[in-house]
Amino acid sequence: MPAIGHLASVTLDAPDPRALASFYSALTGWQTLHASDDFVFIGTPDGAQRLGFQRAAGFRSPSWPGDDKQMHLDFGVADIAVAVRDLTALGATKPEYQPGGDKWVVLLDPAGHPFCVTTAV
């Protein structure tokens, strides 16, 4: 079956799109592709991979490990301990509950979205 479309971007709600885009730019090394007061997109130079951040009035971060989480992003890293150290220095937090054993660590970005760093991919 031929594809109807392709995934153009994943967009996260945020209280401050620029701040959250800055965090994920540091994580991925991606550049800003577009920025306004309410929307920021970062991605690879060719735009093939993108993350978007949109201002959400009254934003409430999902709980971890709660029932209100809807999705999370996974990032492959060479060394989990180094990644956790660097990402917490950028504003991520490491929650107590960690279901991933020694191959996955759950972190919360500065807006409270859960994401994982892993050597398993």
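In this numbering scheme, every chain counts its residues from 1 along its sequence in written order. The predicted nature of this model means local features are confined to residues of pLDDT at least 70 and side-chain atom pairs, given and counted, to a pLDDT of 80 or more, with totals for whole chains, interfaces and linings taken over all residues. Values reported for side chains reflect all heavy atoms of the structure, with hydrogen atoms and water molecules removed beforehand.

Participant: Mind laying out the pattern of salt bridges, listing which residues take part and the relevant values?
Facilitator: For this document, the term salt bridge refers to a Lys or Arg side-chain nitrogen within 4 Å of an Asp or Glu carboxyl oxygen. Evaluated as defined, the whole model comprises two salt bridges. Two residues, Arg55 and Asp38, come together in a salt bridge whose shortest N-O distance is 3.0 Å. Within this pair, whereas Arg55 is found in strand β4 (residues 50-55), its partner Asp38 is found in the loop between β2 (31-35) and β3 (39-43), the two being separated by 17 residues in sequence. The class of Arg55 is partly exposed, set by a relative accessible area of 40%. Under the relative-accessibility criterion, Asp38 is labelled partly exposed at 38%. One salt bridge connects Asp86 with Arg85, and the closest N-O pair in it is separated by 3.0 Å. Residue burial is assigned from relative accessible area. The probe radius is 1.4 Å, only protein chains are included, and a residue is buried under 20% of its type maximum, exposed over 50%, and partly exposed in between. Given the relative accessible area of 36%, Asp86 is considered partly exposed. Numbering goes from the N terminus for both helices and strands, where a helix is a DSSP run of H or I of at least four residues and a strand is a run of E of at least two.

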